[in-house]
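A closer look at the structure
As a plain string of letters, each chain reads:
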Amino acid sequence: MTHADTALPVSLDRSAVTPLAVQLADALREAAASGHLRGGDRLPSTRALAGRLGVSRTVTSAAYEQLHAEGWIAGRNGSGTYVTTPPSLSASEVPAPAVPAFEAEAPPLLDLGPGTPWAAGLDRAAWRRAWRAAADPDPLVRAHRAGLPEYRAAVSEHLLRHRGLAAGSVLATGGTTAAVVELAAAVLERGDVVAVEEPGYQRAVQAFRRAGMRVVGVPVDEEGLRPEEIPPGARAVYCSPAHQYPMGSRLSAARRVALVERARASSMLVIEDDYDGELRFDVAPLPMLASLAPDVVAHLGTTSKILTPTLGAGWMVAPEAITSAVLAYRDSTGTRPSPAGQRVLYEFARNGDLGRHLRKLRREMAERRTLLAGALSGAGIPVRGDDAGAHLVVPFSSAAVEASVIASAERRGIRLDGLARHFAGTPSAHGVAIGYAGCSREALVAALPVLVSLLS
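Attention in this report is confined to the structure presented alongside it. Note on numbering: residues in each chain are counted from 1, in written sequence order. Only residues with pLDDT of at least 70 are given local features in this predicted model, and only at 80 or more are side-chain atom pairs given and counted; all residues enter the totals for whole chains, interfaces and linings. As a rule here, side-chain values cover all heavy atoms of the structure and leave hydrogens and water aside.

For the rest of this paragraph, the subject is the pairing of strand β11 (residues 297-302). For β11, the buried fraction is high: 6 of the 6 residues fall into the buried class. Residue burial is assigned from relative accessible area. The probe radius is 1.4 Å, only protein chains are included, and a residue is buried under 20% of its type maximum, exposed over 50%, and partly exposed in between. Helix and strand labels come from DSSP, where a helix needs a run of H or I of at least four residues and a strand needs a run of E of at least two; each type is numbered from the N terminus. The two faces of β11 match: V297, H299 and G301 on one face and A298, L300 and T302 on the other face are all buried. Should DSSP find at least two bridges between two strands, the strands are regarded as paired. As defined by bridge partners, strand β10 (residues 269-273) adjoins β11 across 4 bridges and the pair is classed as parallel. Each residue of the ladder has a partner; that of E272, found in β11, is H299.

Among the residues making up helix α5 (residues 124-134), those that are buried are A126, W127, A130, A133 and A134. Down the axis of α5, the buried set is contained in an arc of 130°. They therefore lie on one face. Exposed residues on α5 whose side chains face more than 90 degrees from its buried face are R124 and R132. As for α5, its buried residues are in contact with α12 (339-350) and α13 (353-378). In protein, a polar contact requires one atom able to donate a hydrogen and another able to accept it; more generally it is a pair of N or O atoms within 3.5 Å, and residues adjacent in sequence count only if both atoms are side-chain atoms. Taking the backbone nitrogen of A125 as reference, a side-chain oxygen 3.0 Å away marks D123 as the first, capping residue of α5. To be clear, the arc concerns the directions from the helix axis to the C-beta atoms. Residue contacts follow a heavy-atom distance rule, with two residues in contact if any of their heavy atoms lie within 4.5 Å.

Once that is clear, we can look at the packing of helix α7 (residues 176-186) against helix α11 (residues 320-333). Relative to each other, α7 and α11 sit at 90°, their axes nearing to 9 Å. Judged by the angle between their axes, α7 and α11 are roughly perpendicular. On α11, the residues that touch E182, L183, A185 and A186 of α7 are I322, A325, V326, Y329 and R330. Each residue gets one of three labels, nonpolar for Ala, Val, Leu, Ile, Met, Phe, Trp, Tyr, Cys and Pro, charged for Asp, Glu, Lys and Arg, and polar for the others, Gly among them. Looking at side-chain class alone, the contact of α7 with α11 contains 7 nonpolar, no polar and 2 charged residues. Between the N-to-C directions of two axes lies an angle of 0 to 180 degrees, each axis being a line fitted to C-alpha atoms and, for a helix, fitted only over the stretch in contact. In this scheme, roughly parallel covers angles under 35 degrees and roughly antiparallel covers those over 145, while 65 to 115 is roughly perpendicular and the rest are oblique.

Pairing of aromatic rings covers Phe, Tyr and Trp, the last through its six-membered ring, and needs centres within 6.5 Å; plane angles under 30 degrees mean stacked, over 60 mean edge-to-face, and all others mean tilted. Counted according to the given criterion, the structure contains 5 aromatic pairs. Aromatic pair F208 and Y238: ring centres 6.3 Å apart, planes at 70°, arrangement edge-to-face. A residue pair is termed long-range when its members are at least 10 positions apart, and F208 in helix α8 (residues 202-210) and Y238 in strand β9 (residues 236-239) qualify at 30 residues. Taken together, the aromatic side chains of W127, W131 and F348 make up a single cluster linked through ring pairs.

Next comes the structure, spelled out in structure tokens:
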């Protein structure tokens, strides 16, 4: 194995009284003591370093000899000269490099927030195989504006087999939020009224607001978004009908029909975020909005929840006028979704590994949902939104109760997500959303008694 020489923070003052060799030795010693040079770093040869500094080899040789005598550096036969652990410190005493505060903060023992995928359930052999295969093609000279053709074909097959959507045209995106940003910039105009679920996905809310839209919240209840409360003149409505985020309700069949009829009558774009769309339990499937009204619906999906956010890959299925506007926006800004994640998803799907993972995901989430909902309901704790997705909601009577439970859970080493932060306006519902995908099943089981005691 070859080692690259380490860059050296050395500056020599030829006008100083101190000899150059002493200056060099002092500089290297200070670099090693301060941690800029670490044990095992390889130094340039005396000849190479002399050339870099514009001094004679006698200077660099003398400096190295002094540091070697002091124990700061050591030579390895046929390999070069390396920095050792500073002689005044044992290996265990060498100060660790400073860690930024945001990295040093200890995470909660168990994060039960919603929206985290079951990444631990990925077949690691299949995952590595997909990444290796994705690296085989030659590097792209230019990114595809609509996404890699093979990726778009794989997504189209996925939507047909697992979501029942016959997608005429698939556009690659960088994920759901990235797609919302593009729609806001390419399709909508500053000042347009956009209706959003209240409570709802705040990243989408902020994306619309930053693009200059006037965002209006529409209440959500046990049947999902209430279409009759969408304000007149709204140019678009953003919703998550499969499993509303965060309340967990599914948009009822009657409201789905009412929503698309309203959209057609008022030329309103429906943005369908298929959050948790692959997961449902003990309930019949409902038609996707994109299946009911492909002429007025922009359907958005992502790999972040079914696989991992690592890929940064998503998709959009929308009317031609919408996709054309998005492509024109990409051409004018030079933005493109990254093809790397697209290649991995294609390879993961090509050999059936995606389908196998989804089947395993559904089984695992169904079992976890039964464990969590059963433990809470059995203790008389009300539960909502547990017939789909990978999180459920426990309602509370007040904001004070919500804040108290979240603080108590934090002290017990558990992170719970309160509903208050999901409101764009004043919170009108209180409770916690409990996710069960991001942890191990063993950790979830161990946490059940604590959750019951906290929520009772």
